[in-house]
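Chains, contacts and geometry: an overview
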Amino acid sequence: MSFGGFIGSSSSGGNGGGDGGSGVSRVVADSPYNNTMPPAATIAHQSQQLVTSPLTQPMFNSSPLSLALKPKMEGIGDMGLIGENFDAVAMGRSSREDEYESRSGSDNLDGGASGDDQDTPLGKSSRKKKYHRHTPYQIQQLEAAFKENPHPDEKARLELGKRLTLESRQVKFWFQNRRTQMKTQLERHENAILKQENDKLRIENIAMKEAMRSPMCGHCGGQAILGEIHIEEHHLRIENARLRDELNRICVLANKFLGRPLGSFPGTMPPGMANSGLELAVGRNGFGAMNSVDTALPMGLDFGNGLSSPLTMMSPRPTPSMSNTDVSFDKSMLMELAFAAMNELLKLAEIGDPLWFRNFDGSGEALNLEDYARSFPPCIGMKPSNFTTEATKATGTVMINCLALVETLMDTSRWVEMFSSIVGRTSTIDVISSSSTSGSRNGNLQLIQAEFQVLSALVPVRQVKFLRFCKQHAEGVWAVVDVSIDAIQEGSQPREAGNCRRLPSGCIVQDLPNGYSKVIWIEHMEYDENTIHNFYRPFIRSGRGFGAQRWIATLQRQCECLAVITSSAVPSGDSAVVSPSGRRSIAMLARRITRNFCGGVCATFYKWEPIQTGTAEDTKLMMRKSIGEPGEPPGIVLSATRTIWLPVTHQRLFDFLRNEQTRSQWDVLSHGGPMHQIVHIAKGQDLGNSISLFRANAAASDANQNSMLILQDSCTDVSGSIVAYAAVDTAEMNVVMSGGDSSCVAFLPSGFAIVPDCFQNSNNGMLEKEDNGGSSNGSLLTLGFQILVNSLPAAKLTMESVDTVNALISRTLQGIKTAFQCN
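Given the structure is predicted, the values throughout are model-derived calculations rather than measurements.

Moving on, we get to the overall build of the chain. Regarding its fold elements, the chain presents 19 helices and 23 strands. Counting the 823 residues in the chain, one finds 50% classified as buried. Nonlocal contacts in the chain, meaning residues at least 24 apart in sequence, comprise 66% of its contacts between residues at least 6 apart.

What follows covers the UniProt feature "coiled-coil region" (unreviewed entry) in the chain. Sites flagged by UniProt as "coiled-coil region" (unreviewed entry) map to residues 179-211. Taken end to end, residues 179-211 has its terminal C-alpha atoms 48 Å apart, with 100% of it in helix and 0% in strand.

In this structure, Trp-415, Phe-419, Phe-452, Trp-521 and Tyr-536 are the most contacted members of the largest nonpolar core, which totals 45 residues. Among the domains, domain 2 (331-489 + 498-563) and domain 3 (571-759 + 777-820) are the pair contributing at least three residues each to this core. Beyond its immediate stretch of four places on either side in the chain, Trp-521 contacts Thr-392, Lys-393, Ala-394, Leu-409, Phe-419, Gly-506, Cys-507, Ala-548, Trp-551, Ile-552 and Leu-555. Counting residues in hydrophobic clusters, the runner-up holds 34 residues, among them Met-335, Ala-340, Tyr-372 and Ile-520.

When two helices pack together, their arrangement is given by the angle between the helix axes and the distance between those axes. Viewed as axis vectors pointing N to C, helix 15 (residues 580-602) and helix 18 (residues 730-737) meet at an angle of 125°, and their least axial separation amounts to 7 Å. As far as their axial angle goes, helix 18 and helix 15 are oblique. Contacts from Gly-582, Ser-585, Ile-586 and Leu-589 in helix 15 reach Met-733, Val-736 and Met-737 in helix 18. Of the residues that constitute the contact of helix 15 with helix 18, the class distribution is 5 nonpolar, 2 polar and no charged.

Residue position: Glu-370 is located in helix 9 (residues 369-375). As a C-alpha pair, Glu-370 and Leu-355 span 15 residues in sequence and 8.6 Å in three-dimensional space.

This next bit is on the confidence of the model for the chain. Averaged over all residues, the pLDDT of the chain equals 74, while 65% of them reach at least 70. Note on residues 1-126: pLDDT is under 50 here. Beyond four places in sequence and across chains, it has 197 contacts. Across residues 761-775, where pLDDT falls below 50, the model places 26 contacts with residues more than four positions away in sequence or in other chains.

Between helix 14 (residues 548-566) and helix 15, the shortest axis-to-axis distance is 9 Å and the interhelical angle comes to 150°. In terms of their interaxial angle, helix 14 and helix 15 are classed as roughly antiparallel. Listed contacts from helix 15 to Gln-558, Val-564, Ile-565 and Thr-566 of helix 14 are Arg-583, Arg-584, Ala-587 and Arg-591. Tallied by class, the residues present in the contact of helix 14 with helix 15 amount to 3 nonpolar, 2 polar and 3 charged.

Time to look at the side chain of Glu-632. Mapped onto the fold, Glu-632 is located in the loop between strand 16 (620-626) and strand 17 (635-646). Glu-632 sits in the buried class, given a relative accessible area of 7%. Only 3.0 Å separates the side chain of Glu-632 from the side chain of Tyr-606, close enough to count as a polar contact. Apart from the residues lying within four places of it in its own chain, the contact partners of Glu-632 are Tyr-606, Arg-624, Ser-626, Ala-746 and Phe-747.

Next up on the list: the sheet that holds strand 22 (residues 750-756). Spatially, the 9 strands line up as an open sheet ordered 15-16-17-23-22-21-20-19-18, and their pairing is antiparallel. Single-partner strands in this sheet number two, and they are strand 15 (609-612) and strand 18 (676-682). Each strand of the sheet is rotated relative to its neighbour by a mean of 20°, with strand direction disregarded. In the sheet, strand 22 pairs with strand 23 (residues 779-790) via 6 bridges, with the strands oriented antiparallel. Bridging across to strand 23, Gly-751 finds its partner in Gly-784. In the packing of helix 14 onto the sheet, contacts are made with strand 18 and strand 20 (708-717), and the angle to strand 20 comes to roughly 130°.

This next bit is on the pattern of salt bridges. In the structure shown here, the tally under the stated rule is 21 salt bridges. With a shortest N-O distance of 2.9 Å, Glu-407 and Arg-441 are connected by a salt bridge. Placement of Glu-407 in helix 10 (residues 402-410) and of Arg-441 in the loop between strand 8 (423-433) and strand 9 (445-452) is noted, with a sequence separation of 34 residues between them. Between Lys-683 and Asp-713 there is a salt bridge; the shortest N-O distance is 2.6 Å. Here Lys-683 is found in the loop between strand 18 and strand 19 (690-695), whereas its partner Asp-713 is found in strand 20, with 30 residues between them in sequence. Each member of the pair, Lys-683 as well as Asp-713, carries the same accessibility label: buried. Members of the salt-bridge network, linked through shared partners, are Arg-468, Asp-482, Arg-502 and Glu-523.

Here we come to helix 15. Helix length check: helix 15 (23 residues) gives 33 Å between terminal C-alpha atoms against 33 Å at 1.5 Å per residue, within 8%. Downstream of helix 15 by a residue or two, Ala-603 has a phi angle that is positive, lying close to 60°.

On to the state of the cysteines. Should the sulfur atoms of two cysteines be covalently bonded, the bond is a disulfide. In this structure the tally under the stated criterion is 0 disulfides. Counting only cysteine sulfurs, Cys-470 is the nearest neighbor of Cys-402, a cysteine outside any disulfide, at a range of 8.4 Å. With no disulfide partner, Cys-559 has as its closest neighbouring cysteine sulfur the one in Cys-561, 9.8 Å distant. The class of Cys-559 is buried, set by a relative accessible area of 3%.

The buried count for strand 19 comes to 5 of 6 residues, which makes it a mostly enclosed element. One ladder, built from 6 bridges, connects strand 18 with strand 19; its direction is antiparallel. Bridged to Val-679 within strand 19 is Leu-693. Bridge count for strand 19 against strand 20 is 6 bridges, and the pairing is antiparallel.

With that settled, consider the packing of aromatic side chains. Geometry of an aromatic ring pair is reported as the spacing of the ring centres plus the angle between the planes. Counted by the stated rule, this structure contains 19 aromatic pairs. Note on Phe-339 and Phe-469: the rings are 5.0 Å apart at their centroids and 40° apart in plane angle, and the pair reads as tilted. Highlighted residues: Phe-339 in helix 8 (residues 329-350) and Phe-469 in strand 10 (residues 462-474), separated in sequence by 130 residues. We classify Phe-469 as buried; its relative accessible area is 4%.

Attention now goes to helix 14. Compared with the 27 Å implied by 1.5 Å per residue over 19 residues, the 27 Å span of helix 14 between its first and last C-alpha is a close match. Of all the 19 residues making up helix 14, 15 are buried; the element is thus mostly covered by neighbouring parts of the structure.

Let's shift gears to unusual backbone geometry. What is expected of a backbone is that most residues other than glycine have negative phi and most peptide bonds are trans. Between Asp-353 and the following residue, Pro-354, the backbone shows a cis peptide bond with an omega angle of 10°. Within the secondary structure, Pro-354 is located in the loop between helix 8 and strand 5 (356-358). The backbone of Ala-603 sits at a positive phi, close to 60°, despite the residue not being glycine. Secondary-structure assignment places Ala-603 in the loop between helix 15 and strand 15. Classification of Ala-603 by relative accessible area gives partly exposed; the value is 21%.

So, about the pairing of strand 9. Burial within strand 9 is extensive, with 7 of its 8 residues counted as buried. For strand 8 and strand 9, the ladder comprises 8 bridges, and the chain directions are antiparallel. Paired with Asp-430 across the bridge in strand 9 is Leu-447. Two elements, strand 9 and strand 10, share 8 bridges in a ladder whose sense is antiparallel. Considered in strand 10, the bridge of Glu-451 is made with Gln-463.

Let's shift gears to the environment of Pro-354. Since its relative accessible area comes to 49%, Pro-354 is described here as partly exposed. For the pair Pro-354 and Tyr-372, spaced 18 residues apart in sequence, the C-alpha separation works out to 9.7 Å. Excluding anything up to four places from it in sequence, Pro-354 contacts Asn-368 and Asp-371.

Reading the values: rules and limits
Residues numbered from 1 in each chain as written. Predicted model: local features only at pLDDT ≥ 70, side-chain atom pairs only at ≥ 80, totals over all residues. Heavy atoms only, no water. Helix = DSSP H or I, 4+ residues; strand = E, 2+ residues; numbered from the N terminus. Buried < 20%, exposed > 50% of the residue type's maximum accessible area, 1.4 Å probe, protein only. Contact = heavy atoms within 4.5 Å. UniProt positions renumbered as here; feature names shortened; annotations may be inferred. Core = buried A, V, L, I, M, F, W, Y, C linked by side-chain atoms within 4.5 Å. Domains from an automatic or database assignment. Axes fitted to C-alpha atoms, helices over the stretch in contact; angles between N-to-C directions. Parallel < 35°, antiparallel > 145°, perpendicular 65-115°, else oblique. Nonpolar A, V, L, I, M, F, W, Y, C, P; charged D, E, K, R; others polar. pLDDT = per-residue confidence, 0-100. Polar contact = N/O pair within 3.5 Å; in protein donor to acceptor, adjacent residues only side chain to side chain. Pairing = 2+ DSSP bridges. Salt bridge = Lys/Arg side-chain N within 4 Å of Asp/Glu carboxyl O. Expected span 1.5 Å × (residues − 1). Disulfide = S-S within 2.5 Å. Phe/Tyr/Trp six-rings, centres within 6.5 Å; stacked < 30°, edge-to-face > 60°.

In structure tokens form, the structure reads like this:
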């Protein structure tokens, strides 16, 4: 008999003594495993046991299309086990004949009564069946037909059967078995992949739980403080992050396969759920977004003058728009960090003593770092061990309305123009989120890279990559916050090397009557003090270098200048020879001179090649090749910068350098005589904020020198003073004075940056009370020259040019020292 006899209604034949009377013996003889089979009597006995079992399934030992496991070599009993890839009962087949046919792959069994059948001891006859196997050619043709069409119809099965000499039913069940086999293989593969992913997620879950139980600081190795947050809240945050990722994947798939975003389907998540209170996913190193919105803090922010505007805390971040298929997890993390920073900025702005205490000079407030550490979890991770904290707050009134100031801060080109002495270079890397309302900055989130500067080669430029987030909290009340993305970078890639980090910093603005605004400015940074020269460390600690006092003072000065210059009225003391349009053109040219001077000192405006490193005793030299772009002469430009300390007060030194009557004591362009002031334009109430146009001594023998004018821009505030000037052509200045375009006027700026030395400052940045009122008696003077040493851009820089520039620096500084008798 064939293998089908193992499950038939009659038992296997006799004792298996001969080939003709025992079907079992013939099976063994025909089987490819006949060398390993047990005796026929044993097989017959096992076959009787298999008949009594209702769960017995057939096994196919040689066909490549069989869905059952191959028989084990130890015994024939294992051949009757149920195949793991095929279950006729589960397939729902009620017909016993269909069940039998569906189990045949390449093998076919044709059964029929035979005269050789023998009665079994039970008196039942055994049916002899003929065993058939598909030939290799038939299998090859069936496989080829299956690749073309896995579901052939009746006509195709008949044609294929005639060609291969097979019955239509045999072809039908071969295709059924082949489809089942392929489906099973795919399910096995998918199950293996899902099992691996499940194991990986389980391991990550265990690691996260362990990290939450005992968080460690990555810098000091000590125990990290997470704050008083219940463990259930941590679980909710983790679960929320997982659900958010799953939602992102579903939306991406829906957009990809269905051609439209998930939000267009009915029954999707309600809008209110996007801002659910469970949106509290933690940052990558466990410290992000730890400022819970439930913290019990007063939410009224007093802006003075009887005005009080309630600033509600930011709800957790909204779900980002899924209309774009490129939804990244990093962007969601950036949004979480921005909302956490906004919450911290609002709290810092409204809390007063003892979190903040005022400077003795009254210019601003400094942060109590101990109280801050107890009240605020780290927003971007723990502070590096070699960093120093600098945190200040200042409040002021500026001559600009709220919306105009917000637009200036969110537009990087206007921002750098407003704060050209602080911001050297900036660029917007990405706009992560923008307002749905056209023209509104509410909800705008940008990734910005900027360089912050103090005008001296002894203070390295601070390069920061940060988020800038703008939010309207009430009618006429806006807030703009900046925060470094260190926490996000540490989770996805190695942290970029830098000398500072920007903690939540920014301003809160409220409209006041008559076009004014009330501004609360907060600057909070951590920096490496070892990179700063000893001359400037007290100045930086005082907050005048990068602190809120400097930002507020610069903003007030620039807004006042803009209001005065654009006014049609001529202030008293101004030259009446210049029309209002001419005054605006001159002011734009003077602003460009100051900005180019600041960028030349700090190497932020152009790309400079260092020639000589500057110290307190030496001059810093840099070179660049100018190709003659509009506004600058072509050739080799050499920048020379040097900083010295003078025992002269800041104000006295500033008045000396900007005065045309004393200019001949240090300026080689004066030809040893006083200069004549042609035009004077005031930029504010302070006399030091002005623009002047000078003509050199008219008695000079060189006629070419008489064709040159000196345009000088001077500005001063509580943080320091700048005197920037440049030689300009007389004909070009006549065009500018008549209101013409000033952008094509070519010049190379020079000038001075003056700041108080602040040597009497204590370690925490507060001025000590002394008999002189806490003011400093010394100043730090930075001199910067930009000189055209060769008019050919392809020329080489010679040592003779370097010596000439060094001699000019030494001569200028010597003239200033001689004037104050401090040689």
